[in-house]
Amino acid sequence: MSEFSILPGMNNPAALKSLSSEELKILSGEIREYIIETVHRNGGHMASNLGAVELTIALHRSFNSPVDKIIWDVGHQCYTHKLLTGRFEEFRTLRQLNGMSGFPKREESPHDIMNTGHASTSVSAALGVLVGEQLAGFRGRAIAVIGDGSLTGGQALEALNYAGHLGKNLIIILNDNNMSIGNNVGAISSYMSRMTSTGSYINMRRFIDRAISTIPFFGKATLRFVYRLKRGAKSIFFKENLFTDLGFKYIGPIDGHNIERMEKVFEVAKEVNQPLVIHVATTKGKGLTDAEENPAGYHGVSPKAPEKADESEKDDSPSAQKLTEAYGQTIVKAAERDKNVVALTAAMTSGTGLKEFSETYPDRFFDVGITEPHGITYAAGLAVAGRKPFISIYSTFMQRAVDQVIHDVAIPHLPVTIVMDRAGLVPGDGETHQGIYDISLFKNVPGMTFVAPVNQSEMEMAVELALKSRGPFMIRYAKESCYPECAALSAPFESGRGVFLSKGEGRENKTLLISLGSLLTEAETCAGLLEKKGISCDVYNMRFIAPLDIDYLLDLVSNYNLTVFVEDGVKTGGLGEKIAAAMLEHDRNFHFRYLGAPDEFLGQATREELIRMCGLDGKSLAGRVEEILHNYRFEEVVKQVRNDSWR
Ligand SMILES: Cc1ncc(C[n+]2csc(CCOP(=O)(O)OP(=O)(O)O)c2C)c(N)n1
């Protein structure tokens with residue numbers, strides 16, 4: 001690891017305050033170097049963090065954290081904050097199992113005021129903290145740091161509305177890099193671009209101040225003229241300022257890489273006694289040329305594959321296609337066949353595999369910005385107008401739009417297809433990004449068809465079924481490779497039923513493993529391990545979450561001594577629980593167990609580690625099955641003994 005001269009000593013924000021401007025420059029360089037090195041090794045958010053280095057230093061020099069409360073929106077730009085608040089050593093473990101989270105976490109530090117990961121929450125949270133503390137006599141400040149992308153989210157706008165109404169001395173730092181993950185979209189975004197690009201008020205004032213200083217002798221009349229000019233400049237540039245109209249004071253845009261200038265503004269901010277927006281212009285990816293040129297590509301970075309020591313070890317096999325890519329290709333083909341197909345995303349064009357669609361059918365593609373609830377209802381409107389909308393949103397962000405699904409899509413029974421990428425256990429980002437709740441949230445929505453394809457063939461059949469559907473439809477899949485193509489998985493979809501992946505004929509005492517989604521690979525491994533121990537095991541891919549052909553399923557299960565259901569989602573309220581309840585209702589007392597993620601928030605780890613932690617990997621599953629069978633046989637023996645002793 002690199003040697004740093006200043007950074008290791010900056011173990012609390014107070015240490016920053018004595019640094020000279022030269023030392024601050026060195027510090028910024030060291031922070032960037034450490035971030036670049038660590039993110040390349042562990043994966044993480046690169047471009048947003050590189051853009052926020054000077055802003056964070058200036059904030060921590062001017063304010064007094066944690067007495068003053070700094071709240072980071074999304075939290076994906078918090079690496080400098082972590083490094084300057086006593087986590088220099090831990091930073092090496094960024095995003096690793098039991099290591100440091102990539103997002104602010106209250107359990108990690110008193111400087112992390114909120115746990116974050118989802119966008120557009122900071123203004124609400126900072127306002128709540130401020131008002132709550134003020135009720136107990138607080139004299140400090142609360143500062144929300146929000147990006148221009150996150151500011152477009154509905155919750156941020158609701159919070160602005162309320163903050164303007166309350167009139168409390170909240171400070172909002174608008175970190176404007178003119179980018180969301182990709183290009184920022186929307187009228188507010190264009191409005192802010194105009195504010196930063198047309199030459200700012202601050203620049204104009206600086207120009208006027210400089211002009212005054214060059215006039216050798218100026219009398220009162222000149223001064224009056226100059227001040228009128230200054231006010232004129234203000235009215236020219238801020239006549240229509242959205243924030244001032246909402247009851248905020250506004251300063252900006254100012255250069256978010258100039259620490260001294262920001263500090264001066266922050267000192268002024270401390271004296272302002274009403275809500276204040278400080279508009280800071282930053283460059284996403286600052287200091288890393290590739291990231292500056294391609295900030296979208298460097299938003300989230302995967303860990304670099306470790307170099308193989310021996311060339312002969314190199315794996316030349318083509319890497320398996322990802323389910324995200326399978327969807328991206330499938331929806332382009334669907335759009336070719338059906339001109340009513342339109343695709344939508346909420347600020348995740350690349351992440352959801354829609355880049356090709358957006359380029360091939362720009363008129364039929366809508367990036368609605370970080371506005372999941374709006375996106376769902378907008379899609380409902382498109383469906384009313386006869387289009388066939390497919391809206392892609394990560395499973396975790398769909399938590400935002402539960403009401404829109406029920407109220408705007410399901411009740412009017414509209415043919416909107418909601419495609420949930422990153423469903424199930426999600427690597428790297430931790431608690432806030434797990435996609436394990438969608439089954440429990442949506443499986444019982446009346447009229448919903450809900451499927452979990454595992455490879456390209458199933459993806460194509462799922463999309464085809466959605467196209468024919470006259471009602472709401474959901475597709476979910478994990479951040480995983482496609483399961484290999486095979487005859488079993490190419491069998492046509494039958495409503496409410498799955499397919500056998502492997503089935504041995506005429507075997508006794510069989511166990512059935514039912515798998516939902518990409519845990520199919522683990523179920524297969526489990527079956528292989530059990531076969532080796534003489535336990536015959538069939539594997540069934542569930543395909544459907546809703547509707548369920550319950551009679552068919554109960555008949556199927558009745559052929560087995562034991563059925564184990566495995567799902568890539570939270571166990572409580574999941575599909576396994578629903579099937580168990582159906583058995584009870586039908587008075588069918590089978591040996592049935594259901595497994596899934598526990599009722600706990602799951603922190604950051606790789607997907608493989610998460611699967612193992614939940615006991616859902618092939619080896620653990622085999623162990624569980626053996627144990628259940630053992631207990632079951634033991635129960636049988638006890639029953640037998642009891643029966644014999646009665647005779
Ligand atoms: C509700 C929600 N939707 C989507 C995301 C995914 N996401 C993470 S950061 C980001 C872009 C945020 O843009 P901005 O606020 O401008 O910050 P920048 O990365 O540009 O610094 C998005 C869409 C999220 N975290 N939360």
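Visitor: Even after reading the chapter, I still don't get the overall build of the chain, so can you show me in this structure?
Guide: Across its full length, the chain holds 25 helices and 19 strands. For the chain, buried positions account for 47% of its 647 residues. For the chain, the proportion of contacts with a sequence separation of at least 24, taken over those separated by at least 6, is 78%.

Visitor: Sorry, what's going on with the site of the ligand here?
Guide: Taken together, 21 residues lie near the ligand, and Ser-48, Ala-119, Gly-147, Gly-149 and Ser-150 sit nearest. Here the shell around the ligand is built from residues that sort into seven nonpolar, 10 polar and four charged. Summarising the domain contributions, the shell around the ligand has at least three residues from each of domain 1 (7-300) and domain 2 (323-476).

Visitor: Can you walk me through helix α14 (residues 323-337) in this structure?
Guide: An α-helical segment advances 3.6 residues per turn. Residues three or four places apart therefore align on the same side. Its 15 residues give α14 an end-to-end C-alpha distance of 21 Å, which sits within 8% of 21 Å, the value for a rise of 1.5 Å per residue. Where α14 is concerned, the buried positions are Leu-323, Thr-324, Ala-326, Tyr-327, Gly-328, Thr-330, Ile-331, Ala-334 and Ala-335. On its buried face, α14 is in contact with β8 (341-345), α15 (355-360), β10 (388-394), β11 (417-421) and α19 (456-468).

Visitor: Help me understand the nonpolar core in this model?
Guide: Within soluble globular proteins, side chains that are nonpolar tend to cluster in buried spots. By size, the foremost hydrophobic cluster in this structure holds 104 residues, and its most contacted members are Ala-379, Ile-391, Ile-418, Met-420, Leu-513, Ala-523 and Val-566. Look past the residues within four positions of Val-566 in its chain and what remains in contact with it is Leu-513, Ile-514, Ser-515, Leu-516, Leu-519, Ala-523, Leu-595, Leu-616 and Leu-621. Grouped together as the second largest cluster of nonpolar side chains are 63 residues, Val-123, Ala-125, Leu-174 and Tyr-298 included.

Visitor: When you look at the pairing of strand β2 (residues 69-72) in this model, what are you seeing that I'm missing?
Guide: A regular strand places its side chains so that they alternate between the two faces of the sheet. Covered by surrounding structure in β2 are Lys-69 and Ile-71 together with Ile-70 and Trp-72, the residues of both alternating faces. The pairing of β2 with strand β3 (residues 142-147) spans four bridges and is parallel. Across the sheet, the residue bridging to Ile-70 is Ile-143, located in β3.

Visitor: What's the story with the sheet that holds strand β5 (residues 249-255) in this structure? I'm lost.
Guide: What holds strands together in a sheet is hydrogen bonding between their backbones, with the strands either parallel or antiparallel. Taken in spatial order, the five strands make up an open sheet running β2-β3-β4-β6-β5, and their pairing is parallel. Here the strands that pair on one side only, and so sit at the sheet edges, are β2 and β5. Pairwise comparison of adjacent strand axes, ignoring direction, gives a mean angle of 20° for this sheet. Taken strand by strand, helix α12 (residues 259-271) contacts β4 (171-176), β5 and β6 (276-281), and its axis lies near 170° from that of β5.

Visitor: How should the confidence of the model for the chain be read in this particular structure?
Guide: Interpretation of the predicted coordinates at a detailed level should be avoided for regions scoring low in pLDDT. Confidence along the chain averages 91 in pLDDT terms, with 89% of residues attaining 70 or more. Note that pLDDT drops below 50 for residues 211-219; the model gives that stretch three contacts with residues more than four away or on any other chain. When the criterion is pLDDT under 50, residues 231-239 qualifies, and its contacts beyond four places in sequence or with other chains add up to 11 contacts.

Visitor: Sorry, what's going on with the sheet that holds strand β15 (residues 511-516) here?
Guide: Across the sheet, which stays open at both edges, the five strands sit in the order β14-β16-β15-β18-β19 with mixed pairing between neighbours. In this open sheet, the two strands that pair with only one neighbour each are β14 (499-502) and β19 (592-597). If you compare each strand with its neighbour and ignore which way they point, the axes differ by 25° on average. Bridging between strand β18 (residues 562-570) and β19 involves five bridges; their strand directions are parallel. Pairing of Val-570 across the sheet is with Ala-597, part of β19. In the packing of helix α23 (residues 575-585) onto the sheet, the strands contacted are β15, β18 and β19, and the crossing angle to β19 comes to about 160°.

Visitor: Is there a simple way to explain the packing of helix α2 (residues 21-42) against helix α4 (residues 53-62) in this structure?
Guide: A pair of packed helices can be characterised by two numbers: the angle between their axes and the separation between those axes. For the pair α2 and α4, interaxial distance at closest approach is 10 Å and the crossing angle is 125°. With respect to their mutual orientation, α2 and α4 come out oblique. Crossing hand, α2 versus α4: right-handed. Residues Leu-24, Leu-27, Ser-28, Ile-31 and Arg-32 of α2 pack against Val-53, Glu-54 and Ile-57 of α4. Within the contact of α2 with α4, the residues separate by chemical class into five nonpolar, one polar and two charged.

Visitor: Explain the environment of Asp-363 here, please?
Guide: Mapped onto the fold, Asp-363 is located in the loop between α15 and β9 (365-367). When the C-alpha atoms of Asp-363 and Val-342 are compared, they prove to be 8.6 Å apart, with 21 residues separating the residues in sequence.

Visitor: What's the story with the packing of α4 against α12 in this structure? I'm lost.
Guide: Taken N-terminus to C-terminus, the directions of α4 and α12 make an angle of 40°; their axes are 9 Å apart at the nearest point. Comparing their axes, α12 and α4 come out oblique. Note that α4 runs across α12; the crossing there is right-handed. In contact with Glu-54, Leu-55, Ile-57, Ala-58, Arg-61 and Ser-62 of α4, α12 contributes Ile-259, Met-262, Glu-263, Phe-266 and Glu-267. Broken down by class, the residue content of the contact of α4 with α12 amounts to six nonpolar, one polar and four charged.

Visitor: Explain unusual backbone geometry here, please?
Guide: Across residues other than glycine, the phi torsion is negative in most instances, and most of the peptide bonds are trans. That bond from Ser-65 to Pro-66 is cis: its omega, 5°, falls within 30 degrees of zero. Mapped onto the elements, Pro-66 comes out in the loop between α4 and β2. Between Gly-252 and Pro-253 the backbone carries a cis peptide bond, its omega angle lying at -10°. Summarising the element assignment, Pro-253 is placed in strand β5. One non-glycine residue, Ser-120, lies in the positive phi region at around 75°. Assignment of secondary structure puts Ser-120 in the loop between α5 (79-83) and α6 (122-135). Positive phi is not limited to glycine here, since Arg-543 has a value of about 65°. Locating Arg-543 in the fold gives a position in the loop between β16 (537-541) and β17 (544-546).

Visitor: Help me understand helix α21 (residues 520-532), please; the structure alone is not making it clear to me.
Guide: When the terminal C-alpha atoms of α21 are compared, their 19 Å separation across 13 residues agrees well with the 18 Å that a helix rising 1.5 Å per residue should span. Taken residue by residue, α21 has Leu-520, Glu-522, Ala-523, Cys-526, Ala-527 and Leu-530 as its buried positions. Along the long axis of α21, the arc covered by the buried residues comes to 155°, so they all point the same way. Two residues or fewer after α21 comes Gly-534, characterised by a positive phi angle close to 85°.

Visitor: Quick question: what am I supposed to make of the pairing of strand β13 (residues 473-476) here?
Guide: What you see with β13 is no split at all: Phe-473 and Ile-475 on one side and Met-474 and Arg-476 on the other are buried throughout. Across four bridges, the pairing between β11 and β13 is parallel. The residue of β13 that forms the bridge with Thr-417 is Phe-473. Handedness of the crossover joining strand β12 (residues 449-451) and β13 through α19: right-handed.

Visitor: Where do I start with the environment of Gly-353 in this structure?
Guide: If you trace the backbone, Gly-353 turns up in the loop between β8 and α15. Through-space distance from the C-alpha of Gly-353 to that of Ala-326 is 8.2 Å; in sequence the pair is 27 residues apart.

Visitor: Got a minute to help me understand the environment of Arg-364 in this structure?
Guide: Tracing the chain through its elements places Arg-364 in the loop between α15 and β9. Look at Arg-364 and you get partly exposed, because 19 C-beta atoms sit within 10 Å. Each C-alpha atom of the pair Arg-364 and Val-342 lies 4.8 Å from the other, and the pair is 22 residues apart in sequence. Among all residues touching Arg-364, those that are not within four sequence positions of it are Ala-335, Val-341, Val-342 and Ala-343.

Conventions adopted
- In every chain, residue numbers begin from 1 and rise along the written sequence.
- Only residues with pLDDT of at least 70 are given local features in this predicted model, and only at 80 or more are side-chain atom pairs given and counted; all residues enter the totals for whole chains, interfaces and linings.
- Helix and strand assignments come from DSSP, with helices taken as H or I runs of at least 4 residues and strands as E runs of at least 2, each series counted from the N terminus.
- Once C-beta atoms are placed from the backbone, each residue is buried if 20 or more other C-beta atoms lie within 10 Å of its own, exposed if 12 or fewer, and partly exposed for counts between those two.
- A residue pair is marked as a contact if its C-beta atoms, positioned from the backbone, fall within 7 Å.
- Using a C-beta atom placed from the backbone for every residue, we mark a residue as near a molecule or strand if that atom lies within 6 Å of it.
- Residues are sorted three ways: Asp, Glu, Lys and Arg are charged, Ala, Val, Leu, Ile, Met, Phe, Trp, Tyr, Cys and Pro are nonpolar, and all the rest, Gly among them, are polar.
- Residue ranges for the domains originate in an automatic or database domain assignment.
- Here the expected length of a helix is defined as 1.5 Å per residue gap, with one fewer gap than residues.
- Structurally, a nonpolar core is described as a collection of buried Ala, Val, Leu, Ile, Met, Phe, Trp, Tyr and Cys residues joined by way of C-beta atoms within 7 Å.
- Any two strands between which DSSP finds at least two bridges are classified as paired.
- Only the contacting stretch of a helix is used when fitting its axis, a line to C-alpha atoms as for every element, and angles between N-to-C directions run 0 to 180 degrees.
- As a per-residue quantity, pLDDT reports the predictor's confidence and falls between 0 and 100.
- The scheme is simple: roughly parallel for angles under 35 degrees, roughly antiparallel for over 145, roughly perpendicular for 65 to 115, oblique for anything else.
- Each crossing is labelled by how the near helix is turned from the far one, with a counterclockwise turn of less than a right angle marking it left-handed and a clockwise turn marking it right-handed.
- Working note: the arc is built from the helix axis to C-beta atom directions.
- For crossovers, right-handed means that the path from the first strand over the helix to the second runs clockwise, given strands pointing away from the viewer.

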